[in-house]
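Geometric and topological summary
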Protein chains: 2
Amino acid sequence: MEEFVRGERSRQVLEAVILEYIRNGVPAGSRAIAKRYGLNVSPATVRNVMADLEELGLLYQPHTSAGRVPTELGLRVYIDSILKIQQLSVADRARIRQSYRGRVERMEGLLKETSRVLSSFSKQAGVVLTPRLSQTVFKRIEFVRMRSNVIMTILVSQAGTVHNTILGIEEPISQEDLDKYSRYLNDMLQDLTLLQMKERLLEEMKKEKVLFDRLVSKALELSQKALQTNIEESELYIDGRTNLLDNPEFTDVEQMRRIFAAFEEKSRIIGLLDKSLAAGGVNILIGSESEVRDMESVSLITSAYTSGDEILGTLGVIGPTRMDYSRIIPLVDYTAKLVSEMIEDVF
Amino acid sequence: MEEFVRGERSRQVLEAVILEYIRNGVPAGSRAIAKRYGLNVSPATVRNVMADLEELGLLYQPHTSAGRVPTELGLRVYIDSILKIQQLSVADRARIRQSYRGRVERMEGLLKETSRVLSSFSKQAGVVLTPRLSQTVFKRIEFVRMRSNVIMTILVSQAGTVHNTILGIEEPISQEDLDKYSRYLNDMLQDLTLLQMKERLLEEMKKEKVLFDRLVSKALELSQKALQTNIEESELYIDGRTNLLDNPEFTDVEQMRRIFAAFEEKSRIIGLLDKSLAAGGVNILIGSESEVRDMESVSLITSAYTSGDEILGTLGVIGPTRMDYSRIIPLVDYTAKLVSEMIEDVF
DNA sequence: TTCTAGCACTCGATAGGGATGAGTGCTAAT
DNA sequence: ATTAGCACTCATCCCTATCGAGTGCTAGAA
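Calculation notes
Residues numbered from 1 in each chain as written. Chains lettered and ligands numbered in written order. Predicted model: local features only at pLDDT ≥ 70, side-chain atom pairs only at ≥ 80, totals over all residues. Heavy atoms only, no water. Contact = heavy atoms within 4.5 Å. Buried area = accessible area lost by both parts, 1.4 Å probe. Salt bridge = Lys/Arg side-chain N within 4 Å of Asp/Glu carboxyl O. Polar contact = N/O pair within 3.5 Å; in protein donor to acceptor, adjacent residues only side chain to side chain. Helix = DSSP H or I, 4+ residues; strand = E, 2+ residues; numbered from the N terminus. Nonpolar A, V, L, I, M, F, W, Y, C, P; charged D, E, K, R; others polar. Pairing = 2+ DSSP bridges. Axes fitted to C-alpha atoms, helices over the stretch in contact; angles between N-to-C directions. Expected span 1.5 Å × (residues − 1). Buried < 20%, exposed > 50% of the residue type's maximum accessible area, 1.4 Å probe, protein only. Arc of directions from axis to C-beta. Near = heavy atom within 4 Å. Core = buried A, V, L, I, M, F, W, Y, C linked by side-chain atoms within 4.5 Å. Domains from an automatic or database assignment. Least-squares fit on C-alpha atoms with pLDDT ≥ 70 in both.

To continue, consider the interface of chain A and chain B. Facing 43 residues of chain A, the contacting portion of chain B comprises 43 residues. Across the chain A/chain B interface, buried area totals approximately 3,800 Å², and carbon plus sulfur atoms make up 53% of it. If you look at where chain A meets chain B, you find eight salt bridges. Run the count over chain A and chain B and you get 17 residue pairs in polar contact (both at pLDDT 80 or more). When contributions to the side of chain A that touches chain B are tallied by element, the ones reaching two or more residues are β4 (138–147), β5 (150–157), β6 (162–168), α7 (175–189), α11 (241–245), α12 (253–264) and α14 (325–346) of chain A. Per-element tally for the side of chain A that touches chain B: the top contributor is β4(A), with eight residues. Here the residues of the side of chain A that touches chain B are counted per class, giving 15 nonpolar, 11 polar and 17 charged.

All names here are of chain B. Reading across the sheet, the three strands line up as β4-β5-β6 and stay open at both edges, with antiparallel pairing between neighbours. Because the sheet does not close on itself, it has two edges, and the strands there are β4 (138–147) and β6 (162–168). Within this sheet the neighbouring strands show an average axis-to-axis angle of 20°, counted without direction. Note: β4 against strand β5 (residues 150–157), eight bridges, orientation antiparallel. If you follow Phe 138 over to β5, its bridge partner there is Ser 157. Contacting β4, β5 and β6, helix α10 (residues 214–228) crosses the sheet at an angle of about 115° to β6.

The next thing to look at is helix α3 (residues 43–55) of chain B. Residue and element names in this part refer to chain B. Here α3 is 13 residues long and its end C-alpha atoms lie 18 Å apart, about the 18 Å a rise of 1.5 Å per residue gives. All of the buried residues along α3 are Val 46, Val 49, Met 50 and Leu 53. All buried residues of α3 fall inside an arc of 105° around its axis, so they share one side. Exposed and facing more than 90 degrees away from the buried side of α3 are Asn 48 and Glu 55. Those residues of α3 that are buried are in contact with α1 (8–24), α2 (30–35) and β1 (59–60). A positive backbone phi angle near 85° is found at Gly 57, which sits one or two residues after α3.

What follows concerns the protein's contact with DNA strand C. Taken together, 20 residues sit near DNA strand C, with A:Arg9, A:Thr45, A:Thr64, A:Ser65 and B:Ser30 positioned nearest. Near the protein, meaning within 4 Å, the atoms of DNA strand C are sugar or phosphate in a fraction of 81%, with bases accounting for the rest. Taking A:Thr45, its side chain carries an N or O atom lying 2.4 Å from a phosphate oxygen of DNA strand C. Within the contact set of DNA strand C, a base oxygen lies 3.2 Å away from a side-chain nitrogen or oxygen of B:Arg47.

All names here are of chain B. Of note in the backbone geometry, Tyr 37 takes a positive phi value of approximately 60° without being a glycine. One can find Tyr 37 in the loop between α2 and α3. Not every positive phi belongs to a glycine, and Glu 291 is a case in point at roughly 55°. Looking at where Glu 291 falls in the secondary structure, it is placed in the loop between β8 (282–285) and β9 (298–307). When its relative accessible area of 69% is taken as the criterion, Glu 291 is described as exposed.

With that settled, the discussion passes to the nonpolar core. With 55 residues, the main nonpolar core has A:Ile96, A:Tyr100 and A:Tyr325 as its most contacted residues. Counting only elements with at least two residues in this core, the list comes to α1 (8–24), α2 (30–35), α3 (43–55), α4 (72–82), α6 (107–122), β9 (298–307), β10 (310–320) and α14 of chain A. Counting the residues that make up this core, at least three belong to each of domain 1 (8–82) and domain 2 (90–130 + 235–346) of chain A. With residues near it in sequence (within four places) discarded, A:Tyr100 still touches A:Leu110, A:Glu113, A:Thr114, A:Val117, A:Thr335, A:Leu338, A:Val339 and A:Met342. Residues B:Val13, B:Ile22, B:Leu88 and B:Val317 belong to the second largest nonpolar core, which totals 54 residues.

To continue, consider the relation of the copies chain A and chain B. Mapping chain A onto chain B calls for a rotation angle of 179° and an axial translation of 0.0 Å; the resulting RMSD is 0.1 Å. The operation mapping one copy onto its partner corresponds to a two-fold rotation axis. Looking at the rotation axis and the C-alpha trace of chain A, the residue lying nearest is A:Val253, at 3.7 Å. The overlap is high: 100% of the interface residues of chain A also sit at the interface in chain B, so the same surface is used on both sides.

The environment of DNA strand D is formed by 21 residues, the closest being A:Ser30, B:Arg9, B:Thr45, B:Thr64 and B:Ser65. Sugar and phosphate atoms form 78% of the subset of DNA strand D atoms that lie within 4 Å of the protein. The separation between a sugar or linking oxygen of DNA strand D and a polar main-chain atom of A:Ser65 is 3.5 Å. Take B:Thr45: an N or O atom from its side chain is 2.3 Å from a phosphate oxygen of DNA strand D. Elements with a contribution of two residues or more to the surface near DNA strand D: α3 of chain A together with α3 of chain B. It is α3(B) that contributes the most residues to the surface near DNA strand D, four residues altogether. Looking at the surface near DNA strand D, its residues break down into four nonpolar, 13 polar and four charged.

Right, here's the structure in full:
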């Protein structure tokens, strides 16, 4: 990106416009920039530089007599090559840790609390994508007989998530038999991911002896069924949508409506977060870079959280493109690390 | 309420104002009322009646030269003594049933889908309060050893809900022992509600022989712990918040902000829905009747859903006080019955 | 060259001032 | 008891004038 911004002054002006815009939400004028930000040049000079930056597509003028506003490209350049990411202050870290006190008993609670933490510290919306079932490591399976031909299967992952399904079956099975099945399966499937588990089950079912062992074949059949239901699914926790309403640029009700609609249709956002799953570190999508309808006017800052080497899910912050990246990037980064740490500790 | 509205004409005018207001969202004038609604009287007469109704506190005039709008009291009178609640059409019923196709496998899914159904058929926000854990009937408990001194307890209710907790323990326990515990407990606690279960456990723990039976005492202790964590808690599903943004009276961003904030702080709404748990049939709270901060400008139409005699939870619709009660009341009523029916069938 | 001072110009935002029209209350006539 | 008529009120819309922040450009200084 260096090729874009030649010269120290250009970089300073770009930064100043962005900071000013992030602070006030209104286009920044040359006078204000020259006065603050100690450039020691006249407004006229700043104007010239601004004109250059506009030609490069980094700034943009809403109308002739207005100040300048950064474009998405401008923000991208700023984030990639100007912004120095600081560490979160010790006090902030402590306050974040504090928020989790006594709420990490269950995986679900931990992740919900995380979305709350992200939103309250960023003053934007916090999002957390739960681990995909398919890639969690299997810990245990249980069958519970609900009625004569309805049973519930319960899957527990090593990370402490629980997933249950109701199955209808043709012929009644006693709870004793179900217990036998689960004991058999628990032995067989230890330490596999659900995806591996699925394969393993298919393998086993092919083996000839299985055909003659009623217990085994039945057990395999049941667990097969249990896995059929959407193990690719993730859940999404969102908190602090209301914070978005506080941003002055969203006084436009119609635009706000569209963003909120996108929040309700969670699958769109899940797809978005899924994209940044694989990438390490903090991931930033500015405005239309996300390529998700109705999300053109917001930015997304995400990071994956892990357990050991395993990537579990993504968490992050959604806010207007004009949010305070310098504060929120370290926030997301730290939170992801903290969550990873807590998951490893607890589960 | 009869004492308020003397005379057929008064009632007709009140109804007309309300219908007009519900339809258009703007104050209704005397001319329009006289013209439609076949009253066969002049606008001047209507004005006189309106003046009377205003004195009674049923109507209200935003400003001198505006039409009339119903007050909360006016709506209350209308709902209690004028509105005739119709049945939902056969077509609507069919469409609602249709929405559930293949999504009632799990309790959770059923209830989430219900909030979706309520919001999409009402064009307002749909809410569903899940059954309280404490009053669900116990079906089964399982212990899973996660690490040497961390175990997970899983509770399954007869209605097919699953609840899990992570427990730290002092001395390691093997999975074999845990299995013994759960077998013992499952036998003892069959068919109790969790609340009864809690009592029963305390009783058992007092018995002298328990003190000398290590297995038993350990099992009781664990299940005790598992039940300590918030069994009074309910969850809340909300869907279709965005629909509220479509209502013209909410162009006021500030008010909208407050309502959305209330949605995020779910405990407030849970408290509200809890109130109407006990009452049978459809429950209606108009505006400030709810006595919940920030919810003064919305109405709430709810009904409890049940399984057998047991009241499980509440479901309903939240919308502006000016929503179409005649459509939504039967919708909520039917949905509650349908959900009850499905729960009984499936679980 | 590079920077700066000065100046004319643009254009959004704000405030004031009719004009419009929906709707009322009151009075007098039916 | 009902209605027609009329004066009156008040929100809404639209037009205009003013204001001011900010620009672009040009000519002169460093």
